[in-house]
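Results of the structural survey
Here is what each chain is made of, one letter per residue.
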Amino acid sequence: MAKVNLTLCDVCADRTKDASPYTIKSRAGNVSTDLCDDCAKPINDLLTKLADRPVPKTRGRIPVTTVEDIERMKAEKAGASAK
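Below: a short report on this structure. (Residues numbered from 1 in each chain as written. Predicted model: local features only at pLDDT ≥ 70, side-chain atom pairs only at ≥ 80, totals over all residues. Heavy atoms only, no water.)

**Concerning the overall build of the protein**
To keep things clear, this is the line we draw: Secondary structure elements are defined from DSSP: runs of H or I of at least 4 residues count as helices, runs of E of at least 2 residues count as strands, and each element is numbered from the N terminus. Using C-alpha atoms as the atom set, the radius of gyration is obtained and then compared with a globule rule of 2.2 Å times the number of residues to the power 0.38. Any two residues whose heavy atoms approach within 4.5 Å are treated as being in contact. Areas reported as accessible are Shrake-Rupley estimates using a 1.4 Å probe. Residue values count occlusion only from the protein chains shown. Counted charges follow a simple rule, with Lys and Arg positive, Asp and Glu negative, and His plus the chain ends left uncounted. Here the site of a charge means NZ on Lys, CZ on Arg, CG on Asp, or CD on Glu.
Broken down by element type, the protein carries two helices and two strands. Counted from the first residue to the last, the protein has its helices and strands arranged as β-β-α-α. Relative to its length of 83 residues, the protein is extended, with a C-alpha radius of gyration of 28 Å against a globular reference of 12 Å. Its C-alpha atoms put the protein at 90 × 30 × 25 Å along the principal axes. Considering only intrachain contacts with a sequence separation of at least 6, the fraction spanning at least 24 residues in the protein is 24%. Total accessible area on the protein stands at roughly 8,000 Å², and carbon and sulfur atoms take up 55% of it. Within the protein, one finds 15 positive and 12 negative side-chain charges whose respective centroids are separated by 8 Å.

Now the structure itself:
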């Protein structure tokens, strides 16, 4: 006995179109759905648009200096110049 697995688009449910899985994650939660190429076109267009924009590269964490650190550095500098 043969089995056939058919994944339908969750939006249009057209049996003549192949559907692909999509997962969208946001702060509000995650959504997983199967979409055909026609129904997924707005998502794919957005992904293409975002992929073309330049992304600034960061060099890691930005150092943070506390007020206490600044005061300590001033005291060290004053002590070194007094000698």
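Still to come is the rest of the account.
**Observations regarding the state of the cysteines**
This is how the line gets drawn: Criterion for a disulfide: a pair of cysteine sulfur atoms at a distance within 2.5 Å.
Within the structure shown, the criterion is met by zero disulfides. Of all cysteine sulfurs in the structure, the one in Cys-39 sits closest to Cys-36, which takes part in no disulfide; the separation is 3.6 Å.

**Section: the pattern of salt bridges**
For clarity, the threshold we go by: What makes a salt bridge here is a side-chain nitrogen of Lys or Arg within 4 Å of a carboxyl oxygen of Asp or Glu, nothing more. Only protein chains enter the accessibility calculation, which uses a 1.4 Å probe; a residue whose area is less than 20% of its type maximum is buried, one above 50% is exposed, and one in between is partly exposed.
In the structure shown here, the tally under the stated rule is six salt bridges. As a salt-bridge pair, Asp-69 and Arg-72 come within 3.0 Å of each other at their nearest N and O atoms. Highlighted residues: Asp-69 and Arg-72, both in helix H2 (residues 67-82), separated by three residues, approximately one helical turn. A residue is classified by how much of its surface remains accessible, and Asp-69, at 25% relative accessible area, is partly exposed. Residue Arg-72 pairs with Glu-76 through a salt bridge whose shortest N-O separation is 3.5 Å. Taken as a pair, Arg-72 and Glu-76 lie in helix H2 at a separation of four residues, close to a single helical turn. Take Arg-72: its relative accessible area is 44%, and that puts it in the partly exposed class.

**Things to note about the pairing of strand E2 (residues 29-36)**
Put simply, the rule is: Being paired, for any two strands, means DSSP has found at least two bridges between them.
Sheet analysis places strand E1 (residues 19-26) next to E2, joined by eight bridges and oriented antiparallel. Bridge pairing links Lys-25 to Asn-30 in E2. Taken together, E1 and the strand that follows it, E2, pair antiparallel across an intervening segment of two residues.

**Brief notes about unusual backbone geometry**
Backbone geometry at Ala-13 places phi at a positive 55 degrees, although glycine is not the residue there. For Ala-13, the position within the fold is in the segment before E1. Taking the relative accessible area as the measure of exposure, Ala-13 reaches 42% and is therefore partly exposed.

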